[in-house]
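Here are the chains, one letter per residue:
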Amino acid sequence: MRFTISSITLTNYRQFQGTQTLNFSFDKKKNVAVILGKNGAGKSNILNALTWCFYGIEVHKDPKAQESGGMPIINVTELATLKPNQSTYAEVLVNIETDIGPWTIKRYIEGGKTALGKMYLDPPKLTVIHPVGGQDKIVEGDETQKLINNLLPEALRNFFFIDGEQLREFFKFSSPQEVAEAIDNVSQLDLVMKATDNLLKYEKQLRKSVKSTTPQLEAVQRQIETLQKKIEGENASLRDLHEEIEKDSRELAQVEDYLRQHNDASVAALQRERDSLEIDVQTLKTHLQDEETNRNGYLVDITPFILLKDEIKTAYQLIQYKVDKGELPPKIKETFVRELIERGRCICGNELIGNAKSELEAYSKKLALSELSEVSISGKTTIEDIFSDIENFPDRIDKFNDKIDRFKEQFGRKMLRLEHISEEIKGHNIDEIRRYEERRNQLVSIINRNKQQLLMRKAGIGTLNSTLEEKMEQEKIELSKDKKNAQLRIKLQLVQDARTTLADTEYVVKAKIRNQVEKSTKENFLTLIRKKTAFKDVLIDEEFNVKIIHSHGYNAINDLSAGEYMILGLSFMSALMTISGFHAPVIIDTPLGKIDDEHREYITTELPKFLSGTQLTLLVTPTEYDTNVEQNVQEYLLTENFFEIMEDESKTTSQVKSHVC
Amino acid sequence: MASGLEINQLIMETIHENSPSETVVQLILESLQYELDIWNRYISWNEISGQYELIVDRIVRGMLD
């Protein structure tokens, strides 16, 4: 369903005391709204108000404020005026326009002081008013969240209600796991996964509900249960390992970024050299593996011929001897000879005269030998090729080995340089740099160890799964021995088939969506990026690593500027938005912070065009909204969609008003 | 899950392509519909398993008839 926001009304919500309403007009061409406010005035709380209203959560809070508990959800000034036994409330009400008419979404929370003066907050209540059969239906309770999820699923909210800073940092620090999660969310496979889980639980229950009729059946069912528990345990450990790797990888990215951005130019240069060397090392590793595979394949093909060289030579000499003696006549097609005898005339027009016909008839009887000759002659050619291959063997194997040695030598040289870089940084005279380098090395070693463990555990799970499959086959055999179990056997088979199909579906759909996201992110990125010729490709590999391929062929993901990271983030989010199929407004908090002027200019001119038809609200600081940005946005901004948040002198309450030019 | 989306179509096509039989498709579709009905609601396992029992029983009876 497509929707746009027509108004947001805040009542006593955080710093917005009393009731304040922002009315939005929507025009497909003039699709931009601007909310201007200084840092701390309450811009992020407008975004929080939306996520709180829709999903009951405030995701865009300052982490420091979250740790200390921060500002209460009901306006502090309002709470301060309460006497014992008095109460007040906060409410966010959002009116939206959908394809089927207007909706109202309202979240309300009541709080107050007890008789003893202690503060309390009641659980929030959500109300949705939406048109059904031409009339407004008011929904409260369980059904409300379901209605909102139909409008815009919670899992997709981050692609529409966007924190600019998080978006800029997404590809700088996020791990492949986070990219995979975003793609998982957009794949909308939650239902498939829930059904798979519940079918597995039901299958276990089915197995338990039947009394085993033979000791063998009892034993195999016990084994299945044990194996399933083991697999679940192993999968949980696998998830923990994954999380640990992700956490450490994120920290590693931050540590390396610290070194990369360091004021000491020598440290920054060393880290950049290391980035480039690591890409080379990975490429060399792949080349080395490929070349070793090619050499081994060649060895497997040629070894039998080398070992049987003498026998092949004997066969060749035998054929040659037969040819020399004329025992292997040249190959003549049987049909040609028969036609010649029948017609009595050659294709050149000459008649068969004298004994020619009888000689030909005698010759035709030897045709079986002629067929053999064909095989032998082609065998002879093949053997000649084999001889040539055997002769070329030393040269070819030397070429393979030389290439492999060259790769190994380059690999060794680059690894040595990597060690030297680390030593150089560790020897730096600034303590903090040394500490960061030590931590980097620790993290690299922990990540590598955990990755190895991950591989081993995966292999272990593979073995357990094979054993489980065998046991399930045994179970079927045991069940078929007793007619009483016929129905259980059918049920188990049905549930197992459904689970397998759902697992296959999950895998296939995820792969297809990943390809679509990759394609769409690339298109978006190459459209939005300023330096169009600098980059030639955007890739998301099977491990969900995002790569930006520079026109010189290297992966530039670590070398992007803040503006380029923002554009990559926007391109990725936009790809996910499109693929999700949901058409909701896009609200971006501080989209231009820390971005250079050129990209600021580019984003403000290109983004409204790029999201044409989508309601786009920008929450900006006066610094972000400079004269250039103002001029660029003007073309897409309706005057009535320009608001400003003003703080009072005490900076505890804010008012949101139409902007006065 | 909103209806009519391309992803839903992709999921449905993949289910049909990978299912060994129509009865398996039927079980999957009924399971997904049930999961959609109870989406974001706290339902006890007893109730969920009872519903799965009903779905599987009905399909198996249909197979045996």
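As a reminder, the structure under discussion sits directly above these lines.
Given the structure is predicted, the values throughout are model-derived calculations rather than measurements.

Caption draft 1: How the structure looks around the overall build of chain B. For chain B, the helix and strand inventory stands at 3 helices and 0 strands. Each helix and strand of chain B, placed in order from N terminus to C terminus, yields the pattern α-α-α. The burial tally for chain B puts 42% of its 65 residues in the buried class.

Caption draft 2: A look at the interface of chain B and chain A. Chain B puts 35 residues into the contact, and the matching count from chain A is 39 residues. Summing the contributions of chain B and of chain A, the shared interface buries around 3,500 Å²; its carbon and sulfur component is 72%. The interface formed by chain B and chain A holds 2 salt bridges in total. Between Lys-491 of chain A and Glu-53 of chain B there is a salt bridge, with its nearest N and O atoms 3.2 Å apart. Counting every contact that joins chain B to chain A gives 7 residue pairs in polar contact (both at pLDDT 80 or more). Broken down by secondary-structure element, the contributors of at least two residues to the side of chain B that touches chain A are α1 (6-18), α2 (22-37) and α3 (45-64) of chain B. Residue contributions to the side of chain B that touches chain A peak at 11 residues, all from α3 of chain B. For the side of chain B that touches chain A, the per-class residue count stands at 22 nonpolar, 8 polar and 5 charged.

Caption draft 3: Representation of the packing of helix α5 (residues 164-173) of chain A against helix α16 (residues 562-580) of chain A in the model. Residue and element names in this part refer to chain A. Closest axis-to-axis distance for the α5/α16 pair is 8 Å, and the angle between their directions is 95 degrees. By the angle between their directions, the pair α5 and α16 is classed as roughly perpendicular. Residue-level contacts link Gly-164, Leu-167, Arg-168, Phe-170, Phe-171 and Lys-172 of α5 to Ala-562, Tyr-565, Met-566, Leu-568, Gly-569, Leu-570, Phe-572 and Met-573 of α16. Its residues assigned to classes, the contact of α5 with α16 comprises 10 nonpolar, 2 polar and 2 charged.

Caption draft 4: Quick look at the pairing of strand β3 (residues 32-36) of chain A. Residues and elements named next belong to chain A. For β3, the tally of buried residues reaches 5 of 5 residues, placing the bulk of the element in the interior. Along β3, one buried face is formed by Val-32, Val-34 and Leu-36 and the opposite face, lined by Ala-33 and Ile-35, is buried too. Examined bridge by bridge, β3 and strand β13 (residues 616-620) share 5 bridges and lie parallel to one another. The partner of Ala-33 across the bridge, within β13, is Thr-617. As defined by bridge partners, β3 adjoins strand β14 (residues 637-647) across 4 bridges and the pair is classed as parallel. Each bridged residue has a counterpart across the sheet, and for Ile-35 the counterpart in β14 is Phe-643.

Caption draft 5: Up close: empty space enclosed by the protein. Residues and elements named next belong to chain A. Within this structure, the stated rule accounts for 2 cavities of 30 Å³ or more. Size it by volume and the largest cavity reaches roughly 60 Å³. Forming the walls of the largest cavity are Ile-5, Ile-8, Phe-24, Ile-35, Ile-46, Leu-50, Ile-587, Gln-615 and Thr-617. A per-class count over the lining of the largest cavity returns 7 nonpolar, 2 polar and no charged. Reported here for the second largest cavity is a volume of approximately 50 Å³.

Caption draft 6: Geometry of a negative patch on the surface. Residue and element names in this part refer to chain A. Taken together, Glu-181, Asp-240, Glu-243 and Glu-244 make up a surface patch of like negative charges. Relative to the helices and strands, Asp-240 resides in helix α8 (residues 215-260). For Asp-240, a relative accessible area of 48% corresponds to the partly exposed category.

Caption draft 7: Local environment of the pattern of salt bridges. Residue and element names in this part refer to chain A. Taken as a whole and assessed by the stated rule, the structure comprises 38 salt bridges over all chains. In this structure, Arg-207 engages Glu-475 in a salt bridge whose closest nitrogen and oxygen atoms are separated by 2.7 Å. Of this pair, Arg-207 sits in helix α7 (residues 190-209) while Glu-475 sits in helix α14 (residues 431-480), and the two are 268 residues apart along the sequence. Between Lys-426 and Glu-423 there is a salt bridge whose closest N-O contact spans 3.6 Å. With a gap of 3 residues between them, Lys-426 and Glu-423 both fall in helix α13 (residues 367-426), about one helical turn apart. On the basis of relative accessible area, Lys-426 is assigned to the partly exposed category, the value being 27%. For Glu-423, a relative accessible area of 49% corresponds to the partly exposed category. What you see here is one network of salt bridges that share partners, running through Glu-256, Asp-257, Arg-260, Asp-275, Glu-278 and Arg-440.

Definitions and limits used
- Residues numbered from 1 in each chain as written.
- Chains lettered and ligands numbered in written order.
- Predicted model: local features only at pLDDT ≥ 70, side-chain atom pairs only at ≥ 80, totals over all residues.
- Heavy atoms only, no water.
- Helix = DSSP H or I, 4+ residues; strand = E, 2+ residues; numbered from the N terminus.
- Buried < 20%, exposed > 50% of the residue type's maximum accessible area, 1.4 Å probe, protein only.
- Contact = heavy atoms within 4.5 Å.
- Buried area = accessible area lost by both parts, 1.4 Å probe.
- Salt bridge = Lys/Arg side-chain N within 4 Å of Asp/Glu carboxyl O.
- Polar contact = N/O pair within 3.5 Å; in protein donor to acceptor, adjacent residues only side chain to side chain.
- Nonpolar A, V, L, I, M, F, W, Y, C, P; charged D, E, K, R; others polar.
- Axes fitted to C-alpha atoms, helices over the stretch in contact; angles between N-to-C directions.
- Parallel < 35°, antiparallel > 145°, perpendicular 65-115°, else oblique.
- Pairing = 2+ DSSP bridges.
- 1 Å grid on protein atoms, 1.4 Å probe; cavity = no way out; pocket = protein on both sides within 12 Å on 5 of 7 lines; lining within 4 Å.
- Points joined across faces, edges and corners; volume = space filled by probe spheres on them.
- Patch = residues over 30% accessible without salt bridge, like charges linked within 9 Å, V, L, I, M, F, W, Y side chains within 5 Å.
- Areas by Shrake-Rupley, 256 points an atom, 1.4 Å probe, with all protein chains shown as cover.
- Lys, Arg positive; Asp, Glu negative; His and termini not counted.
- Charge placed at Lys NZ, Arg CZ, Asp CG, Glu CD.

Purely spatial values, then, with no claim about function.
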